[in-house]
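Overview (structure and organization)
Take a look at the letters that make up each chain.
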Amino acid sequence: MRGYFGIGVERMSKPMNAGNLFRTAHAFGAGFVFTIDAEYSVKRARSDTSKSPDSLPWYEYDSAADLALPQGCELVGIELLETAVELPRFRHPLRAAYVLGPEMGSLSPELVARCRHVIKIPTSFCVNVAVAGAIVMYDRLITLGRFGERPISPLAHIPGAAPAQAPAAANPGGRTPKRR
């Protein structure tokens, strides 16, 4: 997949959520993770069993103003705002840094002002921070990962896939059929 992405949190207060998010980011191939005005410790999180900050760059920032991203990297806020673009309609930048807000709050106005894009997951209410991050990273993977189109029908042939197995014959009563 071309490009790169990083993912981070602002004012996170629950280390387990950050740990889950960073572990998932590591699994999805993130280039870096970051925190803004957040308390995070791999040891306290315990949910980051991959110890992602040992395997990829981890940046800590004291405030939204301190956030520094690589040149050409677009900041994408993930927030339930009326003006946010719904995720299914969003085109992911090749170079992106996604940021999520605290569990019981929203991204700070200062950080929203720095975002090039703000997206939302079309749900009825907020979902867990780690879940929201996983949904966005998965969407990035399937839209930029060059997987090709999905078949229109489950019966359609997918090039390169093994041929479908014929369904097993009905076996009433679970008895072994007699051979003749």
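Located above this text is the structure these notes cover.
Because the structure is predicted, anything quoted here is derived from the model rather than measured.

1. Some words on the nonpolar core
With 26 residues, the main nonpolar core has Ile7, Leu21, Tyr98, Leu100, Ile119 and Val136 as its most contacted residues. Broken down by secondary-structure element, the contributors of at least two residues to this core are β1 (4-10), α1 (15-27), β4 (74-78), β6 (95-100) and α5 (129-144). Per element, the largest residue contribution to this core is 5 residues, and it comes from α5. Setting aside chain neighbours within four positions, we find Leu21 in contact with Ile7, Gly8, Val9, Leu100, Val129, Ala130, Gly133 and Met137. In terms of nonpolar packing, the next biggest core, distinct from the first, is built from 15 residues, Ile36, Cys73, Leu75 and Cys115 among them.

2. So, the side chain of Lys120
Note that Lys120 resides in strand β7 (residues 117-120). Buried and unpaired, Lys120 has Glu86 as its nearest opposite-charge partner, separated by 4.9 Å. A polar side-chain atom of Lys120 sits 3.3 Å from the main-chain carbonyl oxygen of Leu81.

3. As for the packing of aromatic side chains
The final tally for this structure, using the stated rule, is 3 aromatic pairs. Between the aromatic rings of Phe5 and Tyr98, the centroid separation amounts to 6.2 Å while the plane-to-plane angle is 65 degrees, which identifies the pairing as edge-to-face. Of this pair, Phe5 sits in strand β1 while Tyr98 sits in strand β6, and the two are 93 residues apart along the sequence. Residue Phe5 shares its accessibility class with Tyr98, and that shared class is buried.

The rules behind the values
Residues numbered from 1 in each chain as written. Predicted model: local features only at pLDDT ≥ 70, side-chain atom pairs only at ≥ 80, totals over all residues. Heavy atoms only, no water. Core = buried A, V, L, I, M, F, W, Y, C linked by side-chain atoms within 4.5 Å. Buried < 20%, exposed > 50% of the residue type's maximum accessible area, 1.4 Å probe, protein only. Helix = DSSP H or I, 4+ residues; strand = E, 2+ residues; numbered from the N terminus. Contact = heavy atoms within 4.5 Å. Lys, Arg positive; Asp, Glu negative; His and termini not counted. Salt bridge = Lys/Arg side-chain N within 4 Å of Asp/Glu carboxyl O. Polar contact = N/O pair within 3.5 Å; in protein donor to acceptor, adjacent residues only side chain to side chain. Phe/Tyr/Trp six-rings, centres within 6.5 Å; stacked < 30°, edge-to-face > 60°.

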